[in-house]
Amino acid sequence: MSKQQQRPLAEEKVFKDPVHKYIYVQDQTIWNLINTKEFQRLRRIRQLGTSYLTFHGAEHSRFSHSLGVYEITRKIISQFERSGYPDWPKEEKLVSLCAALLHDIGHGPFSHSIEEVFDTHHEDWTCRILLEDTEVNAVLREFDTSLPERVAAVIRKTYHQPIVISLVSSQMDADRMDYLLRDAYFTGVNYGTFDLDRILRVLRPHQGRIVVKESGMHAVEDYLMSRYQMYWQVYFHPVTRSSEIILRQIFRRAKELYGGGYTFQWMIGPLVQLLDGTLDVEAYLSLDEALVQTAFMQWSGESDMLLSDLCRRFLHRRLYKYVAMDNADDELWEEIREQFIAIGLNPDYHLEIDFPYDMPYDVYRRGTRAAENEKPPILLLDNEDGLSEISAKSDIIRSITGLHQGKYHLYYPEEPLRETAHKMKPHIREFFGFM
């Protein structure tokens, strides 16, 4: 491990931020990372994907979120250092700040949809950007040749200091705290607000991990309830789910057409590599939401009517409607599919059952890390240095732990269905509300 000291900036840099008021950069390496082209690309990747089609203010970027995660991490470390806690390894400050800043650098445009269709993962791309021939890698190596691999180990959750991992990847980490506050601010809702300053004051480094002083339990309850409300009011919003379904179907259709030898009227190199599975880091970094939406605009004129219709729907917000269902009825589902085929619709693209629990979010789990990649539970630290899992002490947290709730939604294009509703069986018409 390098014995080099951090390099302070000659003059502290300050970002004005609507969530944290100010974000302070005091280290030359952090400032150089922010100014790499790979980090600047995050300005062109929305933090909330397609949620802007539901909440018009949700235009904030992964760039601003990443700065926010860095700032919360900086505040936590500063509090540990001021208090002189012996369990905080001071030599890990820079790697912690770099991991916080760069944790999302591998996200692509509309990241979760692309990951599902093309079987990729943004954390893998983050590590490749850290380790391959990039400006980020050069900045990290300039400070210490081991720094790229150390930061990548934090992202992979294999770093030898678990306390560093928990700063940016745990059930109460800087990542979650920033995106809750930031997403609430830009969507215009109040559900995601909580007392960040109080939480930062009650965090403690203890036996290789970060725990919460027992007197801070109510602040953590507020934080977890904010997560709970944001999931059901924002992240699981059925209109957002509709836009995500259409987005996935665009990628699926493009991939299917490309694999079948279809000749696109418009195509560009990075999209070719995405469709044929040969993406390298350079091509991946050229994929941003501006390029993808340009492709959708061009593809809206394609001769394949399914692809062109899906692109127009996404661009012009002609989203699928939905019918709520208490449970998935396999017999009814199969009958509806047959009806769709009979009236000339493609059930593989015009029909989808969705349950929100498959989203890449979770409220809280009291797990013991037995499951792969499961984050450890939040622990309370009492006055005798005893530890207890928080849901054992909190009725509120216990009530929302591991909840599987919500309704199934069946999504469909309303216009063609309404036009052909007279051809449907009466009970199918009634199911869709066409009386």
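Thresholds applied
Residues numbered from 1 in each chain as written. Predicted model: local features only at pLDDT ≥ 70, side-chain atom pairs only at ≥ 80, totals over all residues. Heavy atoms only, no water. Helix = DSSP H or I, 4+ residues; strand = E, 2+ residues; numbered from the N terminus. Rg over C-alpha atoms; globule rule 2.2 N^0.38 Å. Buried < 20%, exposed > 50% of the residue type's maximum accessible area, 1.4 Å probe, protein only. Contact = heavy atoms within 4.5 Å. Phe/Tyr/Trp six-rings, centres within 6.5 Å; stacked < 30°, edge-to-face > 60°. Lys NZ or Arg CZ within 6 Å of the ring centre and 35° of its normal. Pairing = 2+ DSSP bridges. Axes fitted to C-alpha atoms, helices over the stretch in contact; angles between N-to-C directions. Parallel < 35°, antiparallel > 145°, perpendicular 65-115°, else oblique. UniProt positions renumbered as here; feature names shortened; annotations may be inferred. Polar contact = N/O pair within 3.5 Å; in protein donor to acceptor, adjacent residues only side chain to side chain. Arc of directions from axis to C-beta. Core = buried A, V, L, I, M, F, W, Y, C linked by side-chain atoms within 4.5 Å. Salt bridge = Lys/Arg side-chain N within 4 Å of Asp/Glu carboxyl O.

> Would you explain the overall build of the chain in this entry?
Along the chain, the regular secondary structure elements total 22 helices and 9 strands. A compact globule built from 435 residues should have a C-alpha radius of gyration of about 22 Å, and the chain, at 24 Å, falls within 12% of that. Counting only C-alpha atoms, the chain reaches 75 × 50 × 40 Å along its principal axes. Residue burial in the chain is summarised as follows: out of 435 residues, 56% are buried. For the chain, contacts bridging at least 24 residues in sequence account for 71% of all contacts bridging at least 6.

> What is the right way to look at the packing of aromatic side chains in this model?
A complete count under the given rule lists 24 aromatic pairs for this structure. Here the aromatic rings of W232 and F236 are separated by 4.6 Å at their centres, their planes lie at 75°, and the arrangement is edge-to-face. Of the aromatic side chains, those joined through ring pairs into one cluster are F110, F118, F251, Y262, F264, F296, W299 and F314. The positively charged end of R46 is found above the aromatic ring belonging to Y52, 3.8 Å away from the centroid. When the ring centre of Y349 is taken as origin, the NZ or CZ atom of R252, which lies over that ring, is 4.4 Å away.

> Honestly, the pairing of strand 1 (residues 8-17) in this entry has me stumped. Any pointers?
Regular strands place their side chains on alternate faces of the sheet. Note: strand 1 against strand 2 (residues 21-27), 6 bridges, orientation antiparallel. Residue pairing in the sheet places V14 in a bridge with Y24 of strand 2. Count of turn residues in the strand 1/strand 2 antiparallel hairpin: 3 residues.

> Any chance you could explain the packing of helix 13 (residues 238-259) against helix 14 (residues 269-276) here in plain terms?
A pair of packed helices can be characterised by two numbers: the angle between their axes and the separation between those axes. Between helix 13 and helix 14, the least distance of the axes is 9 Å, while the angle of their chain directions is 85°. By the criterion of interaxial angle, the relationship of helix 13 to helix 14 is roughly perpendicular. From helix 13, A254, K255 and Y258 reach across to helix 14, where they touch V272, L275 and D276.

> Help me out: how do you make sense of the UniProt feature "domain: HD" (unreviewed entry) in the chain in this one?
According to UniProt, the positions carrying the feature "domain: HD" (unreviewed entry) are residues 62-180. With 70% helix and 0% strand, residues 62-180 has end C-alpha atoms that lie 13 Å from one another.

> In this structure, what is going on with the environment of T50? I would like to understand it.
Locating T50 in the fold gives a position in the loop between helix 2 (37-40) and helix 3 (62-83). By relative accessible area, T50 is classed as buried at 2%. When sequence neighbours within four positions are dropped, the list of residues in contact with T50 reads F110, T240, S243, E244, L247 and F314. Here the side chain of T50 touches S243 through a polar contact of 2.7 Å, side chain to side chain.

> Is there a simple way to think about helix 14 in this case?
Every α-helix carries 3.6 residues per turn, so stepping three or four residues along brings you back to the same face. If you check which residues of helix 14 are buried, you get P270, L271, L274 and L275. Burial along helix 14 is one-sided: seen end-on, the buried residues are contained in an arc of 135°.

> For this particular structure, what's the right way to read the nonpolar core?
Soluble globular proteins tend to bury their nonpolar side chains together. In terms of nonpolar packing, the biggest core is built from 121 residues, with I30 and W299 touching the most fellow members. Broken down by element, this core gets its largest block of residues, 10 residues, from helix 12 (residues 217-235). Other than its neighbours up to four places away in sequence, W299 contacts I250, A254, F264, W266, M267, L271, L307, S308 and C311. Ranked by size, the runner-up nonpolar core spans 16 residues in total, among them F340, L345, M424 and F432.

> Where do I start with unusual backbone geometry in this structure?
Negative phi is the rule for most residues except glycine; trans is the rule for most peptide bonds. Although it is not a glycine, F110 sits at a positive phi angle of roughly 45°. Within the element layout of this structure, F110 appears in the loop between helix 4 (93-102) and helix 5 (111-118). A relative accessible area of 4% places F110 in the buried class. Its identity as a non-glycine residue notwithstanding, Q207 has a phi of 50°, on the positive side.

> Explanation requested: the side chain of Q249 in the structure shown.
Structurally, Q249 is set in helix 13. Look at Q249 and you get buried, because its relative accessible area is 0%. A distance of 2.8 Å separates a polar side-chain atom of Q249 from the backbone oxygen of Y349. Apart from residues no more than four positions distant in its own chain, Q249 is found in contact with L310, Y320, D348, Y349 and E352.

> Got a minute to help me understand the side chain of T36 in this structure?
Following the sequence through the fold, T36 ends up in the loop between helix 1 (28-34) and helix 2. In contact with T36, not counting residues within four places along its chain, are E135, V136 and V139.

> How do you make sense of the pattern of salt bridges when you look at a structure like this?
When charged atoms on two side chains of opposite charge get close, those side chains can pair. As enumerated under the stated definition, the model contains 27 salt bridges in all. Here E123 and K157 are joined by a salt bridge, their closest N and O atoms 3.3 Å apart. Remark: K157 occurs in the loop between helix 8 (147-156) and helix 9 (162-168) and E123 occurs in helix 6 (residues 122-131); sequence separation between them is 34 residues. With its nearest N and O atoms 3.0 Å apart, the salt bridge here joins R182 to D178. One end of the pair is R182 and the other is D178, both in helix 10 (residues 174-187) and 4 residues apart, which spans about a single turn. Residue classification places R182 among the buried positions, given a relative accessible area of 1%.

> Is there a simple way to think about the sheet that holds strand 4 (residues 209-213) in this case?
Across a sheet, strands are paired by hydrogen bonds formed along the backbone, either parallel or antiparallel in direction. Spatially, the 4 strands line up as an open sheet ordered 3-4-7-8, and their pairing is mixed. Looking along the sheet, the strands with just one partner apiece sit at the ends: strand 3 (203-206) and strand 8 (387-389). Strand-to-strand twist in this sheet, taken as the mean axis angle between neighbours without regard to direction, amounts to 45°. Sheet analysis places strand 7 (residues 379-381) next to strand 8, joined by 3 bridges and oriented antiparallel.

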